[in-house]
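This is what each chain is made of:
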Amino acid sequence: MDDLIKKAAKDLTGAKMVAALTGAGASIESGIPPFRGKGGLWEKFDPMEVAHIDSFLQDPVKVWNLLIKGMKDVLDQAQPNDCHKGLARLEELGRLQTVITQNIDGLHQLAGNTDVIEFHGTFASQRCMECNAHMETRRVDMSEIPPRCHCGGILRPNAVFFGEMIPQEALWRSRQVATDCDVMLVIGTSAVVQPAALMPVVAKESGAKIIEINPESTLLTGDISDYLIKGPAGEVMKDILAQMEKML
Ligand code: NAD
Ligand code: ZN
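Let me begin by describing the structure that accompanies this report.

1. Remarks on the pattern of salt bridges
Part 1: Going through the model one piece at a time under the given rule, you end up with 10 salt bridges.
Part 2: Several salt bridges share partner residues, and in doing so they unite R89, E92 and E245 into one network.

2. Observations regarding the nonpolar core
Part 1: Residues L87, L90, L185, I187 and I240 are the most contacted members of the largest nonpolar core, which totals 27 residues.
Part 2: Secondary-structure elements contributing two or more residues to this core are helix 1 (2–14), strand 1 (18–22), helix 5 (82–92), strand 7 (183–187), strand 8 (209–213), strand 9 (227–229) and helix 9 (233–247).
Part 3: For this core, the element with the highest residue contribution is helix 9, accounting for six residues.
Part 4: If we skip the residues at most four places from it in the chain, L185 touches L12, A19, A20, L21, L87, L90, I211 and I213.

3. A short note on the site of ligand 1
Part 1: Near ligand 1, the surroundings consist of 25 residues, among which A24, R36, Q102, D105 and S190 are the closest.
Part 2: Between ligand 1 and E29, the relevant distance is 3.1 Å, taken from a nitrogen atom to a side-chain nitrogen or oxygen of the residue.
Part 3: Between ligand 1 and A233 there is a distance of 2.8 Å, counted from a nitrogen atom to a backbone nitrogen or oxygen.
Part 4: For ligand 1, whose free accessible area comes to 850 Å², the fraction covered by protein is 91%.
Part 5: Taken together, the residues of the shell around ligand 1 break down into 11 nonpolar, 10 polar and four charged.

4. Things to note about the coordination of the zinc ion (ligand 2)
Part 1: Protein-derived ligands of the zinc ion (ligand 2) are C128 (SG), C131 (SG), C149 (SG) and C151 (SG), with the metal-ligand distances lying across 2.3 to 2.4 Å.
Part 2: One chain supplies every donor to the zinc ion (ligand 2), and in sequence these donors are spaced C-x2-C-x17-C-x1-C. Pair noted here: C131 is in the loop between strand 4 (121–128) and strand 5 (134–136) and C151 is in the loop between strand 5 and strand 6 (155–159), with a separation of 20 residues, a long-range link.

5. Topic: the environment of M142
Part 1: Along the chain, the position of M142 falls in the loop between strand 5 and strand 6.
Part 2: Spatially, the C-alpha atom of M142 lies 19 Å from that of I104, the residues being 38 residues apart in sequence.
Part 3: Filtering out sequence-adjacent residues up to four positions away, M142 remains in contact with W64, K72, T137 and P147.

6. Side note on the environment of P167
Part 1: Relative to the elements of secondary structure, P167 occurs in the loop between strand 6 and helix 7 (168–180).
Part 2: Judged by its relative accessible area of 34%, P167 falls in the partly exposed class.
Part 3: Considering only alpha carbons, one finds P167 and E136, 31 residues apart in sequence, at a separation of 19 Å.
Part 4: Excluding residues that lie within four positions of it along the chain, P167 makes contacts with F119 and V160.

7. Focus on the sheet that holds strand 9
Part 1: The strand order across the open sheet built from six strands is 3-2-1-7-8-9, with neighbouring strands paired in parallel fashion. Of all strands in the sheet, those bounded by a partner on one side alone are strand 3 (116–118) and strand 9. For this sheet, the mean inter-axis angle between neighbouring strands, taken without regard to orientation, is 20 degrees.
Part 2: Relative to strand 2 (residues 98–101), strand 1 runs parallel, the two being bridged by four bridges. Within strand 2, the residue paired with T22 across the bridge is T101.
Part 3: Strands in contact with helix 5 are strand 1 and strand 7; relative to strand 7, the strand with the most contacts, it is inclined by about 165 degrees.
Part 4: Against the sheet, helix 9 touches strand 7, strand 8 and strand 9, its axis set at about 125 degrees to strand 8.

What counts as what
- Residues numbered from 1 in each chain as written.
- Chains lettered and ligands numbered in written order.
- Predicted model: local features only at pLDDT ≥ 70, side-chain atom pairs only at ≥ 80, totals over all residues.
- Heavy atoms only, no water.
- Salt bridge = Lys/Arg side-chain N within 4 Å of Asp/Glu carboxyl O.
- Core = buried A, V, L, I, M, F, W, Y, C linked by side-chain atoms within 4.5 Å.
- Buried < 20%, exposed > 50% of the residue type's maximum accessible area, 1.4 Å probe, protein only.
- Helix = DSSP H or I, 4+ residues; strand = E, 2+ residues; numbered from the N terminus.
- Contact = heavy atoms within 4.5 Å.
- Near = heavy atom within 4 Å.
- Polar contact = N/O pair within 3.5 Å; in protein donor to acceptor, adjacent residues only side chain to side chain.
- Areas by Shrake-Rupley, 256 points an atom, 1.4 Å probe, with all protein chains shown as cover.
- Nonpolar A, V, L, I, M, F, W, Y, C, P; charged D, E, K, R; others polar.
- Donors = N, O, S within 2.8 Å, 3.2 Å for Na, K, Ca; no water.
- Pairing = 2+ DSSP bridges.
- Axes fitted to C-alpha atoms, helices over the stretch in contact; angles between N-to-C directions.

Limitation: the analysis is restricted to geometry and does not speak to function.
In structure tokens, the structure reads:
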């Protein structure tokens, strides 16, 4: 473990361009449950089903009540953890250019990263299904479900539901970043949601080193990733940063 921390610190220090790909695991230590595995909210129902666009279109009231309202409560309270802070510090040190995130919680930006590609959109705003007007989530009146726009249209999160397309710009830029980087940190993602899981493959094929941080092995482990640092994202990032600061 210590050896791998040292190795990662060395790889990050020696790289010309570093990118990070983060998934739900990066925000677990901020109290936000992931979709797969143990924990809270999602054990009561199948998020894959509830978070599918077809479910929302069929029954927006149900999806608002089961998923979106609870999500808002959790995200309202969430603060960046040592993983987000470590990635922000890496950028400050000039050792990280871009974060590609599958998360919609906005915590990377809150921690201070300036180039964050939100692969699955954001929960920070809602948009009207009728007139496409955007509204900050914190300003949305939740006293009636589903909340509505001034025009009467139903509001939906500005995030990607399962079954929907990735925003073109995010996909295009992520591919570019994956192609250009020479180290990619893959943090807290089970790498089963496509096409996000393809980015480490693109990076690897373009010659990048892939460093995984995750308490579990994933579909990438041993095949696409060069090595896996097994552990919670916050703790591992903190150790890597401490090691890097020693090397400065
Ligand atoms: P996932 O739920 O499929 O997988 C989570 C991964 O995190 C697993 O591999 C698990 O081993 C790992 N993990 C658990 N604890 C960890 C820790 N302390 N540190 C690091 N890793 C840890 O998540 P996913 O691959 O991101 O895919 C699910 C989809 O759901 C994503 O597309 C994402 O958009 C969405 N989602 C987002 C949020 C959020 O915005 N915070 C939360 C839940 C789900
Ligand atoms: Zn409207």
